[in-house]
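Take a look at the letters that make up each chain.
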Amino acid sequence: MFKYLKQLTSLAAMVAVLFTFTTESMAAKKSKTLKNTQKKGFVRCGVSQGLPGFSNADAAGNWTGIDVDVCRAVAAAVLGDANKVKFTPLSAKERFTALTSGEIDILSRNTTWTLSRDADIGLTFVGVNFYDGQGFMVRKSSGITSTSQFKDGISACTNIGTTTELNMRDFFNSKGIKYEPVAFEKADEVVAAYDAGRCDTYTTDKSGLAAQRTKMSNPDEHIVLPETVSKEPLGPVVRQGDSVWEDIVRWSLNTMIEAEEYGITSANADMMKTSDNPAIKRLVGAEGELGAAFGLDNDWSLRIIKQVGNYGESYKRNIADTGILPDRGPNELWTKGGILYVPPAR
Amino acid sequence: MNFKLKDIVPQLITVTAVVLVFGFFTYNAQINMENRGIDFGYGFLSQESSFDVQFSLIEYDGSHSYFRAYLVGLLNTILVSVIGIIIATILGVIVGVARLSPNYLINKFAAFYVEFFRNIPLLLQIFFWYFAALRALPLPQDAEAIFGVFFLTIKGLYVPAFIWQNFSVFFYSIVAAIIAIIVIRIHAKRVQENQGKQIPVFLISIGLIFILPLLSFLIGGVGISFEVPVLKQLATTSFIYEGGVSLPPELIALTLSLSLYTATFIAECVRAGIQGVGKGQKEAAASIGLTPNQVLKLVIMPQALRIIIPPTTNQYLNLTKNSSLAAAIAYPDLVLVFAGTALMQTGKAIEIVSITMFTYLTLSISISLLMNWYNKKIAIQEK
């Protein structure tokens, strides 16, 4: 009796060890953030407080924009439903703290990828979903058509806690122009102050200028000056330390861009399963086991394309058709003269 | 022994619990920061800040350190608090006295003011003054000069700058006047105690504070000239004023809303203080032949102040802390510059927030200590 008991215990111990081992390795693969997201049933996504084309909520509270679509793509991949996203509007000042403190899991909020942000403050940038640069907006009536006409004493409205604030200083310093920086916490306040005449110029990323221009009391009274004074690669950000989650977000974005490259759209995605091109078949989940690397099923990328669409569809829907920036400029595929180029999914 | 233990044990448990909770939070923060690759340290304070600030009392630009940026923010916070406290006190005393006025119109107007301004959230008032009231101001090129030299525009209030000659002589003349006034007051008190004779100290003081500086102009070689703001064109439709001193609209809006709001509470403190002095005191003072002015100055106010000071201290503290709402309208105070921009650019959330909290704590405690000292001074001296 005693003998059996001993054997039984050792067996139980072995089972226990084996069980712990398997769950441990599963957990490591699935990542804490992924596990929490699947448990909660929604992706926690930080967006802007309203930037048309990038992340903007309509009267009914539905979020749209290319930044929003990145989060939707992740939700489609991870949870199977692009609508299972909880959006948290954040000011430029709040955004990184919200991410590092774990309030959100993806920050997709027209955020510039810089060395210090990537290395210093516990963040990891996963890619670029919009290539941008800082510009200046002025009133048409001012007669200014180029930044070379700026004079000492000019007042410039902008947001605090942005790369814009730093670039602005670099720009005016290099030109030797004395300026008055007026920095607000919320983008809406910046626009309101500029619109009222508090500032002579409003400076932020050019896409932001184009988007905010639509919010002015009379958009036709303002122009964006042609000069671009900085590089602003905007992209989604995740917390440092969860490489699986980082990969999921990175490849969700890459899938959208690569799908456009191969001509896969939300409409034809299902038909593409029978394509002759193995690269296309991999993207729609008809070949290979790409999802397994993240602990996802094989249809994860197909769901992204079907539910959110490819990058081109997202751009057209959010930015081109809304009249913000009809010309894709550098945000065109590398095959069409732009600089959108992503590593292959294989 | 047993009795003592019973006393000590709960205290020990409380202290241990507090230490443990703090320890847990520190440990937790440490672990999380380590996991996310965030360094902890105050070394960033000496780094170059590389951002500019709109309005600063000391010389500052982006080539200075983060510590300098902190000082800029701190001084701006102190500036708006001090101006706010002065205006709120003057306005509060006037309105508080007006609420007790037998004049129906003055009385009701004061009551309306108090009820109106203290019942609207401060942030809304700040937005109102900044985005609604100040936006109605003209652009610089359309601004009408006030007294020929002041220009109130959407870009700020432009006032003439003083250009002094021999400013030090003028300064010393004021110091001399103040010393003379103090000497005369002490002398007057002694004369009154010894001979019962009264010297019109107030009139003499006013005379001194005007005459001595005036003499410095006439014989001390002090000169003053004004630099009047001049309109300058930047582009077809954009103008500013150059020369003189410009007060940013953010500062004006913030000072205005803070003082108008806090003045309502101070007015109530003042009213409570005056009403708190027994009617009999006033009647008794009048019956021994004091004039109404003397009654107010010698009998009512000294007693009323004892009631007024402690709650007013709270209002001063509130005003100082409320000044952090500046961030909403781009006034570069401590919160906007340091806990805003500097925090964003460095990512040192814990360090910067802790410094900011500690700074506000220090500011508040300083005000508290000052007011407590004053309160003790005017309290009943028990001999």
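Quick caveat, the model's predicted, so the values are computed rather than measured.

**Describing the overall build of chain B**
Logical step 1: Within chain B one finds 11 helices and eight strands.
Logical step 2: In terms of overall dimensions, chain B is more spread out than a globule: its C-alpha atoms have a radius of gyration of 27 Å, far above the 21 Å expected for 383 residues.
Logical step 3: By its C-alpha atoms, chain B is 85 × 80 × 45 Å across when sized along the principal axes.
Logical step 4: Across the 383 residues in chain B, those meeting the buried criterion constitute 30%.

**Focus: the overall build of chain A**
Logical step 1: Helix and strand counts for chain A stand at 12 helices and 14 strands.
Logical step 2: By the burial criterion, 51% of the 346 residues in chain A qualify as buried.
Logical step 3: Long-range contacts, defined as pairs at least 24 residues apart, comprise 73% of the intrachain contacts of chain A with a sequence gap of at least 6.

**A closer look at the sheet that holds strand β10 (residues 179-184) of chain A**
Through backbone hydrogen bonds, the strands of a sheet pair up, either in parallel or in antiparallel fashion.
Residue and element names in this part refer to chain A.
Logical step 1: Taken in spatial order, the five strands line up as β10-β9-β11-β8-β12 in an open sheet, and their pairing is mixed. Whereas interior strands pair on both sides, the edge strands pair on one side only; in this sheet they are β10 and β12 (222-224). Recorded for the sheet is a direction-independent mean angle of 25° between the axes of neighbouring strands.
Logical step 2: Contacts between helix α6 (residues 163-175) and the sheet are confined to β8 (134-139), β9 (154-159), β10 and β11 (201-205), with β9 contributing the most and set at about 155° to the helix.
Logical step 3: Packed onto the sheet, helix α7 (residues 187-196) meets β9, β10 and β11 and runs at close to 155° relative to β9.

**What about the packing of helix α2 (residues 66-98) of chain B against helix α9 (residues 292-322) of chain B?**
Residues and elements named next belong to chain B.
Logical step 1: The interhelical angle for the contact between α2 and α9, taken along N-to-C directions, is 140°, at an axis separation of 9 Å. When the axes of α2 and α9 are compared, the pair comes out oblique. Seen from above, α2 lies across α9 with right-handed handedness. Touching S81, G84, I85 and A88 of α2 are Y316, L319 and T320, all from α9.

**Focus on the domain arrangement of chain B**
Logical step 1: Domain boundaries in chain B define domain 1 (2-38), domain 2 (46-160 + 228-378) and domain 3 (170-218).
Logical step 2: Taken over C-alpha atoms, the centre of domain 2 of chain B sits 31 Å from the centre of domain 3 of chain B.

**Here's the deal with the pairing of strand β7 (residues 238-242) of chain B**
Moving residue by residue along a regular strand, the side chains alternate between the two faces of the sheet.
Logical step 1: Among the five residues that make up β7(B), four are buried, leaving the element largely enclosed by the rest of the structure.
Logical step 2: The antiparallel pairing of strand β6 (residues 230-235) of chain B with β7(B) creates a hairpin that spans two residues between the two strands.

**So, unusual backbone geometry**
Logical step 1: Even without a glycine there, the phi angle at A:N110 is positive, about 25°.
Logical step 2: Structurally, A:N110 is set in the loop between β5 (106-107) and α5 (115-120).
Logical step 3: You can call A:N110 buried: it has 28 C-beta atoms within 10 Å.
Logical step 4: Unlike most non-glycine residues, B:A330 shows phi in positive territory, near 70°.
Logical step 5: Relative to the helices and strands, B:A330 resides in the loop between α9 and α10 (334-346).

**Observations concerning the sheet that holds strand β3 (residues 156-159) of chain B**
Residues and elements named next belong to chain B.
Logical step 1: Pairing is antiparallel in the open sheet, where four strands are placed in the order β1-β2-β3-β8. Each end of this open sheet is capped by a strand with a single partner; those strands are β1 (145-146) and β8 (245-247).
Logical step 2: Pairing of β1 with strand β2 (residues 150-153) involves two bridges; the strand directions are antiparallel. Within the sheet, the bridge partner assigned to A145 lies in β2 and is F151.

**A few points about the domain arrangement of chain A**
All names here are of chain A.
Logical step 1: Once the domains are mapped, chain A shows domain 1 (33-131 + 234-324) and domain 2 (134-230).
Logical step 2: Here the C-alpha centroids of domain 1 and domain 2 sit 30 Å apart.
Logical step 3: Opposite the 14 residues of domain 1 that make contact, domain 2 presents 15 residues.
Logical step 4: When the residues that make up the side of domain 1 that touches domain 2 are grouped by side-chain class, the tally is six nonpolar, seven polar and one charged.

**Quick notes on helix α7 (residues 249-275) of chain B**
Residues and elements named next belong to chain B.
Logical step 1: In this model α7 runs 38 Å from its N-terminal to its C-terminal C-alpha over 27 residues, within 8% of the 39 Å that 1.5 Å per residue would give.
Logical step 2: At A263, α7 is deflected by roughly 25°, the largest bend along its length.
Logical step 3: Buried residues dominate α7, accounting for 23 of its 27 residues.

**A word on the interface of chain B and chain A**
Logical step 1: With 32 residues of chain B at the contact, the number on the chain A side is 37 residues.
Logical step 2: At the level of elements, β6, β7 and α10 of chain B are the ones that each hand at least two residues to the side of chain B that touches chain A.
Logical step 3: For the side of chain B that touches chain A, the element with the most residues is α10(B), which contributes four residues.
Logical step 4: For the side of chain B that touches chain A, the class distribution of residues is 15 nonpolar, 11 polar and six charged.

**Remarks on the pairing of strand β1 (residues 43-47) of chain A**
Residues and elements named next belong to chain A.
Logical step 1: Where burial is concerned, most of β1 is hidden: five out of the five residues are buried.
Logical step 2: Burial of β1 is two-sided: the residues V43, C45 and V47 facing one way and the residues R44 and G46 facing the other way are all buried.
Logical step 3: Sheet topology note: the β1/strand β4 (residues 85-89) ladder contains five bridges and is parallel. When the sheet's bridge partners are listed, C45 is paired in β4 with F87.
Logical step 4: Sheet topology places β1 next to β5; two bridges connect them, and they run parallel. Bridging across to β5, G46 finds its partner in L107.

**Some details on the environment of A:D118**
Residue and element names in this part refer to chain A.
Logical step 1: Inspection of the secondary structure assignment puts D118 in helix α5.
Logical step 2: Along the backbone, D118 and R239 are 121 residues apart, and their C-alpha atoms lie at a distance of 10.0 Å.
Logical step 3: Those residues in contact with D118 that sit more than four places away from it in its chain are W113, L123, T124 and F125.

**Here's the deal with the confidence of the model for chain B**
Logical step 1: Of all residues in chain B, 98% have pLDDT values of 70 or greater, and the mean over the chain is 87.
Logical step 2: The ipTM, which scores confidence in the relative placement of chains, is 0.77 for this predicted complex, and the corresponding pTM is 0.79.

**Some details on the packing of helix α3 (residues 66-79) of chain A against helix α9 (residues 243-261) of chain A**
When two helices pack together, their arrangement is given by the angle between the helix axes and the distance between those axes.
Residue and element names in this part refer to chain A.
Logical step 1: In contact at an axis separation of 9 Å, α3 and α9 are set at 105° when each is read in the N-to-C sense. The pairing of α3 with α9 is recorded here as roughly perpendicular in orientation. From α3, V70, A73, V74, A77 and V78 reach across to α9, where they touch I248, V249, S252, L253 and M256.
Logical step 2: The residue inventory of the contact of α3 with α9, partitioned by class, reads nine nonpolar, one polar and no charged.

**What about the environment of A:G65?**
Residue and element names in this part refer to chain A.
Logical step 1: Relative to the elements of secondary structure, G65 occurs in the loop between β3 (63-64) and α3.
Logical step 2: The class for G65 is buried, based on 29 C-beta atoms found within 10 Å.
Logical step 3: As a C-alpha pair, G65 and P52 span 13 residues in sequence and 6.9 Å in three-dimensional space.
Logical step 4: Look past the residues within four positions of G65 in its chain and what remains in contact with it is G53, F54, S55, N56 and N318.

Reading the values: the criteria
Residues numbered from 1 in each chain as written. Chains lettered and ligands numbered in written order. Predicted model: local features only at pLDDT ≥ 70, side-chain atom pairs only at ≥ 80, totals over all residues. Helix = DSSP H or I, 4+ residues; strand = E, 2+ residues; numbered from the N terminus. Rg over C-alpha atoms; globule rule 2.2 N^0.38 Å. Buried ≥ 20, exposed ≤ 12 C-beta atoms within 10 Å, placed from the backbone. Contact = placed C-beta atoms within 7 Å. Pairing = 2+ DSSP bridges. Axes fitted to C-alpha atoms, helices over the stretch in contact; angles between N-to-C directions. Parallel < 35°, antiparallel > 145°, perpendicular 65-115°, else oblique. Left-handed = near helix turned anticlockwise from the far one by under 90°. Domains from an automatic or database assignment. Nonpolar A, V, L, I, M, F, W, Y, C, P; charged D, E, K, R; others polar. Expected span 1.5 Å × (residues − 1). Bend = angle between axes of the 7 residues up to and from the residue. pLDDT = per-residue confidence, 0-100.

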